[in-house]
Amino acid sequence: DTEVTQTPKHLVMGMTNKKSLKCEQHMGHRAMYWYKQKAKKPPELMFVYSYEKLSINESVPSRFSPECPNSSLLNLHLHALQPEDSALYLCASSQEGTSGTNTGELFFGEGSRLTVL
Amino acid sequence: QKEVEQNSGPLSVPEGAIASLNCTYSDRGSQSFFWYRQYSGKSPELIMSIYSNGDKEDGRFTAQLNKASQYVSLLIRDSQPSDSATYLCAVLNRDDKIIFGKGTRLHILP
């Protein structure tokens with residue numbers, strides 16, 4: 001059983017819809033991530049939150065809007081997406097080490113498979 | 001030059017043999033290195049992390065790191081059909097970003 005839970009597992013949306021992906025972890029980790037993965041490609045980093053603050057945004061289009069309400073929760077709000085945004089969206093968490101150093105060991109949820117029509 | 005490079009494979013290895021997976025990285029400031037296994041349709045799962053030069057063993061898995069050559073490898077001993085998966089090399093670079101290689105598809109032949 002994964003300790004990082006993502007909902008929904010599958011999502012189909014139109015280009016004018018607004019939807020959200022949700023992620024929750026109960027491992028006490030202080031860093032949380034969104035990655036995007038297309039078929040037969042590696043995960044691509046989108047956003048990193050560290051101690052509930054956005055620390056990395058990999059120049060992601062504004063139609064993707066992350067939110068970290070608390071240290072256990074991470075959302076990804078979706079609006080006006082394009083068909084090429086269809087992918088597996090992976091949430092991950094990692095434990096921050098001492099002095100804010102990142103261990104880098106990612107624990108992934110099962111992902112949310114998004115289809116944009 | 002891509003940040004993390006792997007041969008995409010497929011790499012076919014007979015059951016019981018040693019599978020050897022390789023990875024190179026471009027950022028000399030990288031300090032942390034990881035191997036993830038990803039089964040088809042599933043999310044990546046961390047199997048090894050290595051932070052200093054040399055070998056690190058965990059069961060049938062051995063990770064090897066050579067920072068001077070900017071090279072990381074993963075050896076899987078006594079390969080089993082259940083080891084058939086895509087193996088992703090990942091690097092924590094100096095910008096605190098965890099970057100993945102394209103992955104190597106491994107097939108263990110029964």
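Up top is the structure.
Reference entry: report on the structure contained in this document. (Residues numbered from 1 in each chain as written. Chains lettered and ligands numbered in written order. Predicted model: local features only at pLDDT ≥ 70, side-chain atom pairs only at ≥ 80, totals over all residues. Heavy atoms only, no water.)

**Regarding the overall build of chain B**
Rules: Put simply, DSSP H or I for four residues or longer makes a helix, DSSP E for two residues or longer makes a strand, and each gets a number counted from the N terminus. Each residue's exposure class comes from its accessible area (1.4 Å probe, protein chains only) as a fraction of the maximum for that residue type: buried when under 20%, exposed when over 50%, partly exposed otherwise. Only the protein chains shown count as covering a residue, and every accessible area follows the Shrake-Rupley method with a 1.4 Å probe. We score Asp and Glu as negative and Lys and Arg as positive, and we do not count His or the chain ends. Where a charge lies is defined by one atom per residue type: Lys uses NZ, Arg uses CZ, Asp uses CG and Glu uses CD.
Summing up its helical and strand segments, chain B has 0 helices and 11 strands in all. Each helix (α) and strand (β) of chain B, taken in turn from the N terminus, gives the series β-β-β-β-β-β-β-β-β-β-β. In terms of overall dimensions, chain B has C-alpha extents of about 40 × 30 × 20 Å along its principal axes. Looking at chain B as a whole, 45% of its 110 residues qualify as buried. Taken as a whole, chain B presents about 5200 Å² of accessible surface, with 46% of it coming from carbon and sulfur. Separation of charge centres in chain B, based on 12 positive and 12 negative side chains, amounts to 4 Å.

**Quick word on the sheet that holds strand β1 (residues 4–5) of chain B**
All names here are of chain B. Cut-off, in case you're wondering: When DSSP finds two or more bridges between a pair of strands, those strands are recorded as paired.
Taken in spatial order, the 5 strands line up as β1-β3-β8-β7-β6 in an open sheet, and their pairing is antiparallel. The open sheet is flanked by β1 and β6 (54–58), the only strands paired with a single partner. Strand direction decides the pairing type here: strand β3 (residues 19–25) and strand β8 (residues 71–76), joined by 6 bridges, are antiparallel. Paired with A19 across the two strands is I76, which belongs to β8.

**Topic: the side chain of B:S32**
We count it as follows: The contact rule is simple, with two residues in contact once any of their heavy atoms fall within 4.5 Å.
Position of B:S32 among the secondary structure elements: in strand β4 (residues 32–38). The residues contacting B:S32, other than those within four sequence positions of it, are A:T103, B:I50, B:Y51, B:A90, B:V91 and B:L92.

**Looking at the nonpolar core**
We apply this condition: To qualify as a nonpolar core, a set must consist of buried Ala, Val, Leu, Ile, Met, Phe, Trp, Tyr and Cys residues joined through side-chain atoms within 4.5 Å.
In terms of nonpolar packing, the biggest core is built from 24 residues, with B:F33, B:W35, B:V72, B:L74, B:I76, B:Y87 and B:L106 touching the most fellow members. Of all the secondary-structure elements, those providing two or more residues to this core are β3, β4, β5 (45–50), β7 (61–66), β8, β9 (85–92) and β11 (104–109) of chain B. Excluding residues that lie within four positions of it along the chain, B:L106 makes contacts with B:L11, B:V13, B:A19, B:I76, B:D83, B:S84, B:A85 and B:Y87. Counting residues in each nonpolar core, the second largest holds 22 residues, with A:V4, A:W34, A:L74 and A:L81 among its members.

**Thoughts on the interface of chain B and chain A**
Just so we agree on the cut-off: When two parts are put together, the accessible area they lose, computed with a 1.4 Å probe and summed over both, is reported as buried area. For salt bridges, the criterion is a side-chain nitrogen of Lys or Arg within 4 Å of an Asp or Glu carboxyl oxygen. In protein, a polar contact means a hydrogen-donor-capable atom and an acceptor-capable atom, both N or O and within 3.5 Å, with residues adjacent in sequence counting only if both atoms are side-chain atoms; elsewhere, any N or O pair within 3.5 Å suffices. Three residue categories are used. Nonpolar comprises Ala, Val, Leu, Ile, Met, Phe, Trp, Tyr, Cys and Pro, charged comprises Asp, Glu, Lys and Arg, and polar comprises the others, including Gly.
Facing 19 residues of chain B, the contacting portion of chain A comprises 18 residues. Where chain B abuts chain A, roughly 1500 Å² becomes buried across the two surfaces, and 57% of that area is made up of carbon and sulfur atoms. On the chain B side of the contact with chain A, B:K97, B:I98 and B:F100 bury the most area, a combined 32% of that side's loss. Along the contact surface separating chain B from chain A lie 1 salt bridge. Joining chain B to chain A, the criterion identifies 7 residue pairs in polar contact (both at pLDDT 80 or more). Among the elements of the structure, β4, β5, β9 and β10 (98–100) of chain B are those that each provide at least two residues to the side of chain B that touches chain A. Per-element accounting of the side of chain B that touches chain A gives the leading share, 4 residues, to β4(B). A per-class count over the side of chain B that touches chain A returns 9 nonpolar, 6 polar and 4 charged.

**Points about the pairing of strand β2 (residues 10–13) of chain A**
Residue and element names in this part refer to chain A. Burial of the side chains of β2 is restricted to one face: L11 and M13 are buried, whereas none of H10 and V12 on the reverse face is. Bridge analysis of β2 against strand β11 (residues 112–116) gives 4 bridges, and the strand direction is parallel. When the sheet's bridge partners are listed, H10 is paired in β11 with R113.

**Focus: the sheet that holds strand β1 (residues 4–7) of chain A**
Residue and element names in this part refer to chain A. Under the convention used in this document: All axes are obtained by fitting lines to C-alpha atoms, using only the stretch in contact for helices, and the reported angles, taken between N-to-C directions, cover 0 to 180 degrees.
The 4 strands are arranged β1-β3-β8-β7 in an open sheet whose pairing can be described as antiparallel. Across the chains shown, the open sheet's two edge strands, defined by having one partner strand only, are β1 and β7 (64–70). Strand-to-strand twist of the sheet, defined as the mean angle between neighbouring strand axes without regard to direction, takes the value 20 degrees. For strand β3 (residues 18–25) and strand β8 (residues 73–79), the ladder comprises 7 bridges, and the chain directions are antiparallel. The partner of C23 across the bridge, within β8, is L74.

In short, geometric facts, not functional conclusions.
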